[in-house]
Amino acid sequence: RQLLHQIPPGAARATDYHRFIAGILELIFYPYLQCPQIEYPIHEGRKRIDITFDNAARDGFFYRLHTTHKIPSAYIVVECKNYSADPDNPELDQLAGRFSINRGQAGLLMCRRLDDDTIFLRRCTDTYKDGRGLILPFTDEDLDLVLRTIAHTSQNPVDELLSNKLRLVALA
């Protein structure tokens, strides 16, 4: 947890942030998400996805994405924004542009913090209701909560956390 906070926001340390996030997500999402790929090329290498995971879930949140919510999710797409400010519409549009029926239409936008999470969630709702995929924000604070809970209780609260975020986006 402390190592994450030692990576300063900004473009100069974006690669460090991406790689660190990939490791944390692999830890907290295993066995549901597996085989992380960093900087995965798409469109013959003209674009890259920061991180992709194979969705291997047989229960829980990532399983319900496909079975209950009917959201294609063979792969979960993750974009990392090592910004000191809130991500904006272009960042949401970038992530939505990585979705496809075969690749999946569910992703996480990792960011350092959200000063105005209400407006960001409204943007995620707009994307979802327009049929352009499901994007859920995940902040350093969310990672801290999950890692702290795992360390102190051996329970992983990530399923409940993501379910609550989905509810805020889908039912708005």
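### Quick look at the packing of helix 3 (residues 60–67) against helix 7 (residues 158–170)
For step 1, the next point in the chain: Relative orientation of the contacting elements helix 3 and helix 7 amounts to 35°, with a least axis distance of 8 Å. Touching G60, F61, F62 and R64 of helix 3 are D159, L162, S163 and L166, all from helix 7.
For step 2, the next point in the chain: Residue classes in the contact of helix 3 with helix 7 are distributed as four nonpolar, two polar and two charged.

### Considerations on helix 5 (residues 117–129)
For step 1, the next point in the chain: In this model, helix 5 (13 residues) spans 18 Å end to end at C-alpha, consistent with the 18 Å of a helix rising 1.5 Å per residue.
For step 2, the next point in the chain: Looking only at helix 5, the buried set comprises F120, L121, C124, T125 and T127. For helix 5, the buried positions fall inside an angular range of 160° around the axis, keeping them on one side. Away from its buried face by more than 90 degrees, helix 5 exposes R122 and K129.
For step 3, the next point in the chain: For helix 5, the elements touching its buried residues are helix 4 (89–96), strand 4 (106–111), strand 5 (134–139) and helix 7.
For step 4, the next point in the chain: Once helix 5 ends, the next one or two residues include G131, with phi positive near 75°.

### Some thoughts on the packing of aromatic side chains
For step 1, the next point in the chain: Inspection of every chain in the model, using the stated rule, returns three aromatic pairs.
For step 2, the next point in the chain: A ring pair is formed by F29 and F62, whose centres lie 5.2 Å apart and whose planes are at 80°; its orientation type is edge-to-face. With F29 in helix 2 (residues 14–29) and F62 in helix 3, the pair connects residues that are 33 residues apart, well separated along the chain.
For step 3, the next point in the chain: Grouped by ring-pair contacts, the aromatic residues F29, F61, F62 and F138 constitute a single cluster.

### Regarding the layout of surface pockets
Where empty space is left in the structure can be found by rolling a water-sized probe over the atoms.
For step 1, the next point in the chain: Estimates place the volume of the largest pocket at around 270 Å³.
For step 2, the next point in the chain: Every residue lining the largest pocket is counted, 13 residues in all, and those nearest its centre are L114, D117, T139, D142 and K165.
For step 3, the next point in the chain: Mapped by element, the contributors of at least two residues to the lining of the largest pocket are helix 5, strand 5, helix 6 (140–153) and helix 7.
For step 4, the next point in the chain: Among the elements that take part in the lining of the largest pocket, helix 7 stands out by supplying four residues, more than any other.
For step 5, the next point in the chain: Here the lining of the largest pocket is built from residues that sort into five nonpolar, two polar and six charged.

Definitions and limits used
- Residues numbered from 1 in each chain as written.
- Predicted model: local features only at pLDDT ≥ 70, side-chain atom pairs only at ≥ 80, totals over all residues.
- Heavy atoms only, no water.
- Axes fitted to C-alpha atoms, helices over the stretch in contact; angles between N-to-C directions.
- Helix = DSSP H or I, 4+ residues; strand = E, 2+ residues; numbered from the N terminus.
- Contact = heavy atoms within 4.5 Å.
- Nonpolar A, V, L, I, M, F, W, Y, C, P; charged D, E, K, R; others polar.
- Expected span 1.5 Å × (residues − 1).
- Buried < 20%, exposed > 50% of the residue type's maximum accessible area, 1.4 Å probe, protein only.
- Arc of directions from axis to C-beta.
- Phe/Tyr/Trp six-rings, centres within 6.5 Å; stacked < 30°, edge-to-face > 60°.
- 1 Å grid on protein atoms, 1.4 Å probe; cavity = no way out; pocket = protein on both sides within 12 Å on 5 of 7 lines; lining within 4 Å.
- Points joined across faces, edges and corners; volume = space filled by probe spheres on them.

Don't take any of this as a statement about function, it's just geometry.
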